[in-house]
Amino acid sequence: MEGRVWKTTSFKDAKGENFIFLNTTGNYTSRPSNDEEICTNSDIFAYGYRSGGDAEPVLLWKMHDFIHDCFTSATCEFSSDSPVITDLDKNGIQEVWMTVYIGCRGDVGPVGMKILMYENGKKYALRGETFVHVDDMDLGGTYKADPEFTKAPAVFLQFADRLWQKNKNQ
């Protein structure tokens, strides 16, 4: 696993014991080339493992996101409530939800935001921007759902929207 462990959780479902690791590098600096300024970088990683009894845990899924070579303010982090564990479709297999903020900005504008969900190794995502109110203007706050959500139980997208609304005002 890469990065330092930021948060862990475990749970049992119909498939066995599950272990979730959310890791981060924190901010670190680099110089893209000798003639450029020092930049800020940050990486986050998430890992989902399952153990089926006496066997070694098996990696079901992993996620890596990052911001590299940012000359201003770098953001690459999980929301404080991540991960959220559910079984919304009541199939005995838990869903793992994470909210991620990512961006490089030098102003008070929106930053990128994602709601990621994994169920039994399959990924679902909402992608968009946080919401900010600046100079009497509302900016960002909207998202687009990946096509996988259209094939999933409606309760998944409903829950994803609730997570979005809760976390969009970072």
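Rules behind the numbers
Residues numbered from 1 in each chain as written. Predicted model: local features only at pLDDT ≥ 70, side-chain atom pairs only at ≥ 80, totals over all residues. Heavy atoms only, no water. Helix = DSSP H or I, 4+ residues; strand = E, 2+ residues; numbered from the N terminus. Buried < 20%, exposed > 50% of the residue type's maximum accessible area, 1.4 Å probe, protein only. Contact = heavy atoms within 4.5 Å. Areas by Shrake-Rupley, 256 points an atom, 1.4 Å probe, with all protein chains shown as cover. Lys, Arg positive; Asp, Glu negative; His and termini not counted. Charge placed at Lys NZ, Arg CZ, Asp CG, Glu CD. Pairing = 2+ DSSP bridges. Disulfide = S-S within 2.5 Å. Patch = residues over 30% accessible without salt bridge, like charges linked within 9 Å, V, L, I, M, F, W, Y side chains within 5 Å. Salt bridge = Lys/Arg side-chain N within 4 Å of Asp/Glu carboxyl O.

Asker: How would you sum up the overall build of the chain? Please name residues and give values.
Answerer: Of regular secondary structure, the chain possesses two helices and 13 strands. In terms of overall dimensions, the chain has C-alpha extents of about 55 × 40 × 25 Å along its principal axes. The buried share of the chain, reckoned over its 170 residues, is 43%. Across the chain, contacts joining residues at least 24 apart in sequence account for 48% of those joining residues at least 6 apart. Summed over its atoms, the accessible surface of the chain is roughly 9100 Å², and 49% of this surface lies on carbon and sulfur atoms. The distance from the centre of the 18 positive side-chain charges to the centre of the 25 negative ones in the chain is 6 Å.

Asker: Explain the pairing of strand β1 (residues 4-13) to me, using residue names and the numbers behind them.
Answerer: One ladder, built from nine bridges, connects β1 with strand β2 (residues 16-24); its direction is antiparallel. The residue of β2 that forms the bridge with Phe11 is Asn18. From the end of β1 to the start of β2, which pair antiparallel, there are two residues.

Asker: Can you explain the state of the cysteines? Please cite residues and give values.
Answerer: Per the stated rule, a full pass over the model turns up one disulfide. Note on cysteine connectivity: Cys70 is disulfide-linked to Cys104, with sulfurs 2.1 Å apart. The chirality of the disulfide connecting Cys70 with Cys104 is right-handed, given an S-S dihedral of about 90°. Taken together, the residues span a long stretch of sequence, with Cys70 in strand β5 (residues 58-70) and Cys104 in strand β8 (residues 95-105) at a distance of 34 residues.

Asker: I'd like a rundown of the pairing of β2, residues and numbers included.
Answerer: Sheet analysis places β2 next to strand β4 (residues 39-51), joined by eight bridges and oriented antiparallel. Within the sheet, the bridge partner assigned to Asn18 lies in β4 and is Arg50.

Asker: With reference to specific residues and values, describe a negative patch on the surface.
Answerer: Taken together, the side chains of Asp35, Glu36, Glu37 and Asp69 define an acidic patch exposed on the protein surface. Its place among the elements puts Asp35 in the loop between β3 (28-30) and β4. Its relative accessible area of 70% is what places Asp35 among the exposed residues.

These values are about where atoms sit, not about what they do.
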